[in-house]
Amino acid sequence: MKKNIPQPLIKGQKAAIEVVKDKTSTPQAQRRKVLRFNLGVGILILAFAILAFLVFTIPSFTFDLSISQGLQSLANPFFGGLMTFISWVGFSPQAFIVTLIIIVIIFLFGYHWEATASLFTASIVSLLNFLIKILIHRPRPAVGVLSIDKILNSYSFPSGHVMYYTAFFGFICFLIFSLLKPSWIRTVLLIVFGIHVVLVGFSRIYSGEHWASDVLGGYLLGTVCLLGFIRFYRWGKLHFFVKQTEAMNKKT
């Protein structure tokens, strides 16, 4: 008995293979792609390392205070509410619930490796952020210097919200773009997740819970993680899950 699977998902299963197999590329082209990828990741890692060293050795930056005061001077109620909501999604328990729902939905639609890779992404990026915060141990903005929405006891660098949104929501955007055919559903999903990635940096500064340099560090390291997880996903798909995906396509 054939399953009545929506066309976007059927095409998505086929795209899952093509996203990791480029038969038209020559070995030379593949080597150039790998070189560019490694160079880009290396630049991002170097930029983060320099920023982390500066944050570790210099107590505060003048531009941090200026940016924070500039954002907090925006007294628009809609902007303030949007910033609060964007940050709220990243706090517990809602962050755990949202992440779990997304992974379960991906799994139930038959994308088992995608769900596994998403879980791996969420877990590793959270652990990495926790370890680096302990290593750098940068204090959060002090009360009285800025208007602070919520007093947090954890360290400040790099921003956990920014790093998590960039890596996890960024990875979900990658899956949506790769596996679903062009449609209004795909566009809406990309906008929803993409807005969170773009605005979370502003929201963390606006809340007074992070400096701009914390946010920059979160974007840098989050992007490194995202690229690494995409590479890991493609490696696993090519080596262990391509036959499974092809078999699913034949059944449909």
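> Would you mind showing me how to read the overall build of the protein chain here?
Counting its secondary structure elements, the protein chain contains nine helices and zero strands. Its helices and strands taken in sequence order, the protein chain reads α-α-α-α-α-α-α-α-α from the N to the C terminus. Across the 252 residues in the protein chain, those meeting the buried criterion constitute 43%. Looking at the protein chain alone, contacts between residues at least 24 apart form 82% of all its contacts between residues at least 6 apart. Surface exposure of the protein chain reaches about 14100 Å², of which carbon and sulfur atoms provide 73%.

> Even after reading the chapter, I still don't get a nonpolar patch on the surface, so can you show me in this structure?
A cluster of nonpolar side chains, namely F96, I97, L100, I101, V104, I105, F107, L108 and F109, defines an oily patch on the protein surface of about 900 Å² accessible area. Of note, V104 is situated in helix 5 (residues 94-108). Owing to a relative accessible area of 38%, V104 belongs among the partly exposed residues under this scheme.

> Got a minute to help me understand the packing of helix 4 (residues 77-88) against helix 8 (residues 184-206) in this structure?
Geometry of a packed helix pair, given as the angle between the helix axes and the separation of the axes. Their axes nearest at 8 Å, the elements helix 4 and helix 8 cross at an angle of 105°. Classified by the angle between their axes, helix 4 and helix 8 sit roughly perpendicular to one another. Where helix 4 abuts helix 8, its residues F79, G80, L82, M83, F85, I86 and S87 lie against H196, L199, V200, F202, S203, R204 and Y206. Split into classes, the residues belonging to the contact of helix 4 with helix 8 amount to nine nonpolar, four polar and one charged.

> I'm lost on the side chain of R204 in this one. Help?
By the element assignment, R204 lies in helix 8. With relative accessibility at 1%, the residue R204 sits in the buried group. Within polar-contact distance, the side chain of R204 engages the side chain of S87 at 3.0 Å.

> Before we go on, may I ask you to explain the confidence of the model for the protein chain in this structure?
Low pLDDT means the predicted coordinates in that region are not meant to be read closely. Of all residues in the protein chain, 85% have pLDDT values of 70 or greater, and the mean over the chain is 86. Here residues 245-252 is a poorly scored stretch, pLDDT under 50, and it has 15 contacts once near neighbours within four places are set aside; other chains count.

> Explain the environment of P141 to me, please; I cannot follow it from the model alone.
Positionally, P141 belongs in the loop between helix 6 (112-136) and helix 7 (160-179). With relative accessibility at 7%, the residue P141 sits in the buried group. Along the backbone, P141 and S68 are 73 residues apart, and their C-alpha atoms lie at a distance of 9.8 Å. Setting aside chain neighbours within four positions, we find P141 in contact with L146, I148, S156, G208, E209, H210 and W211.

> Please explain helix 5 as it appears in this structure.
An α-helical segment advances 3.6 residues per turn. Residues three or four places apart therefore align on the same side. If you check helix 5, its first and last C-alpha atoms are 21 Å apart, about what 15 residues at 1.5 Å a residue would give, namely 21 Å. Among the residues making up helix 5, those that are buried are Q94, A95, T99, I102, I103 and I106. Mapping the buried residues of helix 5 onto a view down its axis gives an arc of 160°, with all of them on the same face. Summarising the geometry of helix 5, the exposed residues directed more than 90 degrees from the buried face are F96 and L108. Where helix 5 is buried, its residues contact helix 4, helix 6, helix 7 and helix 8. Where helix 5 ends, the next residue or the one after it, G110, has phi of about 95°, a positive value.

> Quick question: what am I supposed to make of the packing of aromatic side chains here?
Counting across every chain of the model gives 15 aromatic pairs. With a centroid separation of 5.4 Å and an interplanar angle of 20°, the aromatic rings of F61 and F63 are classed as stacked. Its relative accessible area of 41% is what places F63 among the partly exposed residues. Residues F85 and W88 carry aromatic rings whose centres are separated by 6.1 Å and whose planes lie at 25° to one another, so their mutual orientation is stacked. Of the two residues, F85 and W88 are both situated in helix 4; the distance of three residues between them amounts to about one turn of the helix. For F85, a relative accessible area of 42% translates into the label partly exposed. You can call W88 partly exposed: its relative accessible area is 47%. Pairwise contacts between aromatic rings join W113, F120, F229, F232 and W235 into one cluster.

Quick notes on the rules
Residues numbered from 1 in each chain as written. Predicted model: local features only at pLDDT ≥ 70, side-chain atom pairs only at ≥ 80, totals over all residues. Heavy atoms only, no water. Helix = DSSP H or I, 4+ residues; strand = E, 2+ residues; numbered from the N terminus. Buried < 20%, exposed > 50% of the residue type's maximum accessible area, 1.4 Å probe, protein only. Contact = heavy atoms within 4.5 Å. Areas by Shrake-Rupley, 256 points an atom, 1.4 Å probe, with all protein chains shown as cover. Patch = residues over 30% accessible without salt bridge, like charges linked within 9 Å, V, L, I, M, F, W, Y side chains within 5 Å. Salt bridge = Lys/Arg side-chain N within 4 Å of Asp/Glu carboxyl O. Axes fitted to C-alpha atoms, helices over the stretch in contact; angles between N-to-C directions. Parallel < 35°, antiparallel > 145°, perpendicular 65-115°, else oblique. Nonpolar A, V, L, I, M, F, W, Y, C, P; charged D, E, K, R; others polar. Polar contact = N/O pair within 3.5 Å; in protein donor to acceptor, adjacent residues only side chain to side chain. pLDDT = per-residue confidence, 0-100. Expected span 1.5 Å × (residues − 1). Arc of directions from axis to C-beta. Phe/Tyr/Trp six-rings, centres within 6.5 Å; stacked < 30°, edge-to-face > 60°.

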